[in-house]
Amino acid sequence: MKTIIMKFGGTSMADSETIRQCADRVRATESHACRVVTVVSAMAGVTDTLLELAEAAAAGNRAAKHTLLGSLRARHERTADELGSAGAVHQILDRLETLVSGIAAVGELTPRSRDAVAAFGELLSAQMMVSVVDGHAVSGSEAGITTDDCFG
């Protein structure tokens, strides 16, 4: 069986409608006796917002942290509700909030913690895509991808 890798960028993952369109493409390709591996980016603009959130937390800017986290939460929860994946997305957002609170508590943003915050965009998008295509998500290590400790 042939394997096809389909990668969808941020504009393709911008909202519930575009995510559904991507899922339709995945399903149409699978129906041609191909195994499809789907890779998704964060929703359009989310990575920049996540990095801004991490910086605000490290700087002790509670108002910006609260505003940015709230906007990320509202956007992803709305999209997830429209796609039927709200439960898992809530859990991921809770983990993000815990991480950002830890950064704020120590007042330091290391390259490792910056990378961890930035990764939440893809985690959220992957969960939403999985719910629409009725698939399952795998982590990078489960997919055989390894990294080193050279963060940033």
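It should be emphasised that the depicted structure is a prediction, and the values quoted were computed from it without experimental measurement. (Residues numbered from 1 in each chain as written. Predicted model: local features only at pLDDT ≥ 70, side-chain atom pairs only at ≥ 80, totals over all residues. Heavy atoms only, no water.)

1. Notes on the pairing of strand 1 (residues 2-8)
Part 1 of the argument: Note that strand 1 and strand 2 (residues 34-40) share 7 bridges and pair parallel. Its bridge partner lying in strand 2, Lys-7 is registered against Val-39.
Part 2 of the argument: Following the chain from strand 1 across helix 1 (residues 16-30) to the adjacent parallel strand 2, one finds a crossover that is right-handed. (Pairing = 2+ DSSP bridges. Helix = DSSP H or I, 4+ residues; strand = E, 2+ residues; numbered from the N terminus. Right-handed = clockwise from strand over helix to strand, strands pointing away.)

2. Some remarks on the nonpolar core
One broad trend across soluble globular proteins is that nonpolar side chains are buried collectively.
Part 1 of the argument: Counting 37 residues, the largest nonpolar core has Phe-8, Leu-96 and Met-129 as the members making the most contacts within it.
Part 2 of the argument: The set of elements that each furnish at least two residues to this core consists of strand 1, helix 1, strand 2, helix 2 (46-59), helix 3 (62-83), helix 4 (86-106) and helix 5 (111-133).
Part 3 of the argument: Each residue touching Phe-8, except ones within four places of it in the same chain, is listed here: Met-13, Cys-22, Val-26, Thr-38, Val-39, Val-40, Ser-41 and Met-129. (Core = buried A, V, L, I, M, F, W, Y, C linked by side-chain atoms within 4.5 Å. Buried < 20%, exposed > 50% of the residue type's maximum accessible area, 1.4 Å probe, protein only. Contact = heavy atoms within 4.5 Å.)

3. Quick word on helix 1
Part 1 of the argument: Its 15 residues give helix 1 an end-to-end C-alpha distance of 21 Å, which sits within 8% of 21 Å, the value for a rise of 1.5 Å per residue.
Part 2 of the argument: Every buried residue of helix 1 is accounted for by Ser-16, Thr-18, Ile-19, Cys-22, Ala-23, Val-26 and Thr-29. Each buried residue of helix 1 lies within a common arc of 165 degrees when the element is viewed along its axis, so the set occupies one face.
Part 3 of the argument: Check the buried side of helix 1 and you find it contacts strand 1, strand 2, helix 3 and helix 5. (Expected span 1.5 Å × (residues − 1). Arc of directions from axis to C-beta.)

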